[in-house]
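Per-entry structural report
Each chain, letter by letter, is given below.
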Amino acid sequence: MTDDGLKSLPLEDLHKSAGARFGAFAGWSMPLTYPPGVLKEHLHTRQHAGLFDISHMKLFEIEGPDAGRLLETACPLDTSALSRGQSKYTLLLNADAGIIDDLIVTRLGDHRFMVVANAGNADKDGARLKALAAGLNAAVTPLDRVFLAIQGPDAADIVARSGIDAAGLTFMTGFEPQPGWFMTRSGYTGEDGFEIAVPLSDAADLAERLLADDRLMWIGLAARDSLRLEAGLCLHGNDITEETDPVEAALVWAIPKSLREGGRFEGASAFSAALDKGPAQRRVGLKPDGRQPVRGGATLTDEAGNPVGRVTSGGFGPSAGHPVAIGYVSTSLASAGTRIFADVRGTKVPVDVHSLPFTPHRYRKG
Amino acid sequence: MSKTYFTQDHEWIRVEGDTATVGITNYAQEQLGDLVFVELPEAGKVVKTGDTAVVVESVKAASDVYAPVDGEIVEANAALSSDPALVNSAPAGDGWLWKMKLADTSQLDGLLDAAAYEKLIA
């Protein structure tokens, strides 16, 4: 705990000695930037590789004969379609199909799964999973791990040279390299890469082994945000919330076709109804004209000044070379190329609806 | 002969006669990180102490830079339109933000000198 009541990362001393500048995020004191700064960190990740401490995110192990059933109740998920080692991006929905959180679920055994949840929602997610587990034979166990992400085109080579054999992994698959470890080929930057969870006792040694490679450097939360924004990936709490459903959030692809007209998951009927009705607004990419960033919270208008939506995340895309944003607009204006305007401190900044991602994903799909 | 003053908000004001050049300090640019955009004022704009004169935008956030004293903006640093990173690389030099004609030079007495500013950020 810091003086501000924030939680400290287990490897905080390592970040301090690396020169990190810290800031608050989701109740944690997080490294925001390191001495190279957000621009260089961002570009280095896309060019070589970056190491991110994402230990603020929470892992839950779900185990028991009803583990699959529990997940299929909590999420629009078909666990029978998940083979061992396969990961799936899914959503924790409320009864109105509002998005409580977005999660990655990985099958580790016949009756065992790993769930990765967002830091800010971890307590809520854990409580909800445990409540839904009542009457089922499935245990929900939060794990204490140091969680690192290695992202970028050199990530696979760096991991191999550090002595971890992950060559068999393709995008959205995972395994347990040794007891207490959990590793997937995934991430949140749009680049190839891995996420590795290890017990604290193994963490500093792993970080040191990885960083022995000159191509890898620590990357802070500021660049993590600009990387995910360019990659068009949602930040829960900004781009998706309990007030948005998967249809307007343009996340229907994450829901198996077999469950779209009905399923046993929480929010199933609200979701099908939203799908049948069609969304009034839709999540889109936004490319501001010029150099001025348009930030989350800005109102979007049409030429005449009528409100047509809002920006939910925005900033500058160092690799894109221009400002990038994500937001919601009326469905009639949601096609790429539509010119709208953002109100930035009273100035009408022209913005074009843009396809997502802004920078192409470079996942290793095998 | 010019004299440089500082503010609690991490600006510097270099005064020659009744005109001043204003920028942010090295400490401020370090805190802000890499700038990607500077919203510059129009020449002729009249500002009061504490008014937002310039908005500097980093990758992550927008921050206001306030007028340290009353006056009229006579020039904005046009070089920042194409190269906002000048504020990072040369905050006290080529990365200056605006020049202003001072309305009341006695307001300068309320600002910090270099020694007091060094103490503030120490």
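From a predicted model like this one, the values you see are computed outputs, not experimental measurements.

Further remarks concern the sheet that holds strand β9 (residues 139-143) of chain A. Residues and elements named next belong to chain A. Read from one edge to the other, the open sheet built from five strands follows the order β6-β7-β8-β5-β9, with strand pairing classed as antiparallel. A strand with exactly one partner marks an edge of an open sheet, and here the two such strands are β6 (87-93) and β9. On average, each strand axis in the sheet is tilted by 30° relative to the strand beside it, whichever way the strands run. Where β6 and strand β7 (residues 99-109) come together, seven bridges link them in antiparallel fashion. The partner of Leu92 across the bridge, within β7, is Asp101.

Looking now at the interface of chain B and chain A. Opposite the 13 residues of chain B that make contact, chain A presents 15 residues. Here chain B meets chain A over a buried area of about 1,300 Å², counting both sides, of which 49% is carbon and sulfur. There are four salt bridges connecting chain B and chain A. The shortest N-O distance in the salt bridge between Glu57 of chain B and Arg295 of chain A comes to 2.7 Å. Where chain B meets chain A, there are 14 residue pairs in polar contact (both at pLDDT 80 or more). Those elements giving two or more residues to the side of chain B that touches chain A turn out to be α1 (26-32), β4 (35-39) and β6 (52-58) of chain B. In terms of residue class, the side of chain B that touches chain A is built from six nonpolar, two polar and five charged.

Attention now moves to the pattern of salt bridges. Residues and elements named next belong to chain A. Counted according to the given criterion, the structure contains 24 salt bridges over all chains. With a shortest N-O distance of 2.9 Å, Arg46 and Glu230 are connected by a salt bridge. Pair noted here: Arg46 is in helix α2 (residues 38-47) and Glu230 is in helix α7 (residues 221-230), with a separation of 184 residues, a long-range link. With respect to burial, Arg46 and Glu230 carry one shared label: buried. In this structure, Arg209 and Asp205 form a salt bridge, with 3.5 Å as the shortest nitrogen-oxygen distance.

Another point: the environment of Gly193 of chain A. Tracing the backbone shows Gly193 of chain A in strand β13 (residues 193-198). Leave out the neighbours within four places in its chain, and Gly193 of chain A touches Ile150, Gln151, Ala155, Thr184, Arg185 and Ser186 of chain A.

This part is about the packing of aromatic side chains. Taken as a whole and assessed by the stated rule, the structure comprises five aromatic pairs over all chains. Measuring from ring centre to ring centre gives 6.2 Å for Tyr34 of chain A and Trp218 of chain A, while their planes differ by 15°; the resulting arrangement is stacked. Residue Tyr34 of chain A is found in the loop between β3 (28-33) and α2, and its partner Trp218 of chain A is found in strand β14 (residues 216-218); the two are separated by 184 residues along the sequence. For the residue pair Tyr34 of chain A and Trp218 of chain A, the accessibility class agrees, reading buried in each case. When the ring centre of Phe341 of chain A is taken as reference, the NZ or CZ atom of Lys348 of chain A above it lies at 4.7 Å. The ring of Trp96 of chain B carries the charged tip of Lys99 of chain B above its face, separated from the ring centre by 4.8 Å.

Next up on the list: unusual backbone geometry. Most peptide bonds adopt trans geometry, and most residues besides glycine take a negative phi value. All names here are of chain A. That bond from Leu356 to Pro357 is cis: its omega, 0°, falls within 30 degrees of zero. Inspection of the secondary structure puts Pro357 in the segment after β20 (347-354). One non-glycine residue, Ala250, lies in the positive phi region at around 60°. Here Ala250 shows up in the loop between α7 and α8 (268-277). For Ala250, a relative accessible area of 17% corresponds to the buried category. The phi dihedral of Arg345 is positive, around 50°, even though this residue is not glycine. On the secondary structure map, Arg345 appears in the loop between β19 (339-344) and β20.

The side chains of a regular strand alternate between the sheet's two faces. Residues and elements named next belong to chain A. Counting buried positions along strand β10 (residues 146-151) yields six of six residues, so the element is predominantly enclosed. What you see with β10 is no split at all: Val146, Leu148 and Ile150 on one side and Phe147, Ala149 and Gln151 on the other are buried throughout. As paired strands, strand β4 (residues 49-53) and β10 are joined by four bridges and run antiparallel to one another. Bridge pairing in β10 links Gly50 to Gln151. Looking at chain direction, β10 and β13 are connected through six bridges and run antiparallel. Across the sheet, Phe147 pairs through a bridge with Ala197, a residue of β13.

Turning our attention to α7 of chain A. Residue and element names in this part refer to chain A. Most of α7 sits inside the fold, with ten of its ten residues counted as buried. Those residues of α7 lying buried are Leu221, Ala222, Ala223, Arg224, Asp225, Ser226, Leu227, Arg228, Leu229 and Glu230. Lining the buried residues of α7 we find β2 (21-25), β3, α2, β4, β17 (307-317) and β18 (322-330). Following α7 by one or two positions, Gly232 adopts a phi angle in the positive range, close to 75°.

Bringing the packing of α2 of chain A against α7 of chain A into the picture now. All names here are of chain A. Between α2 and α7, whose axes approach to 9 Å, the crossing angle comes to 55°. Accordingly, the angle class assigned to the pair α2 and α7 is oblique. With respect to the hand of their crossing, α2 and α7 are arranged in right-handed fashion. Residue-level inspection shows Val38, Glu41, His42, Thr45 and Arg46 of α2 in contact with α7, the latter providing Ala222, Ala223, Ser226, Leu227 and Glu230.

Our next topic: the domain arrangement of chain A. All names here are of chain A. If you check the domain split of chain A, you get domain 1 (7-55 + 145-230), domain 2 (57-142 + 245-278) and domain 3 (280-354). A C-alpha centroid distance of 31 Å is found between domain 1 and domain 3. At the boundary of domain 1 with domain 3, total buried surface from both sides reaches about 670 Å², with 70% on carbon and sulfur atoms. Summed over the three residues of domain 1 that lose the most area to domain 3, namely Leu39, Leu229 and Glu230, the buried surface amounts to 64% of that side. Joining domain 1 to domain 3, the criterion identifies five residue pairs in polar contact (both at pLDDT 80 or more). Class assignment of the residues belonging to the side of domain 1 that touches domain 3 gives a composition of three nonpolar, two polar and three charged.

Before going further, it helps to examine the nonpolar core. Grouped together as the largest cluster of nonpolar side chains are 26 residues, with contacts concentrated most on Leu97, Trp98 and Met100 of chain B. Contributing elements (two or more residues each) for this core: β2 (11-16), β3 (19-24), β4, β6, α3 (86-89) and β9 (98-102) of chain B. For Met100 of chain B, the contacting residues outside a window of four places in its chain are Asp18, Thr19, Ala20, Val22, Val47, Val69, Asp70, Gly71, Glu72, Ile73 and Val74 of chain B. Listed in part, the 25 residues of the second largest apolar core include Val159, Phe194, Ile196 and Leu210 of chain A.

Cut-offs and rules
- Residues numbered from 1 in each chain as written.
- Chains lettered and ligands numbered in written order.
- Predicted model: local features only at pLDDT ≥ 70, side-chain atom pairs only at ≥ 80, totals over all residues.
- Heavy atoms only, no water.
- Pairing = 2+ DSSP bridges.
- Helix = DSSP H or I, 4+ residues; strand = E, 2+ residues; numbered from the N terminus.
- Axes fitted to C-alpha atoms, helices over the stretch in contact; angles between N-to-C directions.
- Contact = heavy atoms within 4.5 Å.
- Buried area = accessible area lost by both parts, 1.4 Å probe.
- Salt bridge = Lys/Arg side-chain N within 4 Å of Asp/Glu carboxyl O.
- Polar contact = N/O pair within 3.5 Å; in protein donor to acceptor, adjacent residues only side chain to side chain.
- Nonpolar A, V, L, I, M, F, W, Y, C, P; charged D, E, K, R; others polar.
- Buried < 20%, exposed > 50% of the residue type's maximum accessible area, 1.4 Å probe, protein only.
- Phe/Tyr/Trp six-rings, centres within 6.5 Å; stacked < 30°, edge-to-face > 60°.
- Lys NZ or Arg CZ within 6 Å of the ring centre and 35° of its normal.
- Parallel < 35°, antiparallel > 145°, perpendicular 65-115°, else oblique.
- Left-handed = near helix turned anticlockwise from the far one by under 90°.
- Domains from an automatic or database assignment.
- Core = buried A, V, L, I, M, F, W, Y, C linked by side-chain atoms within 4.5 Å.

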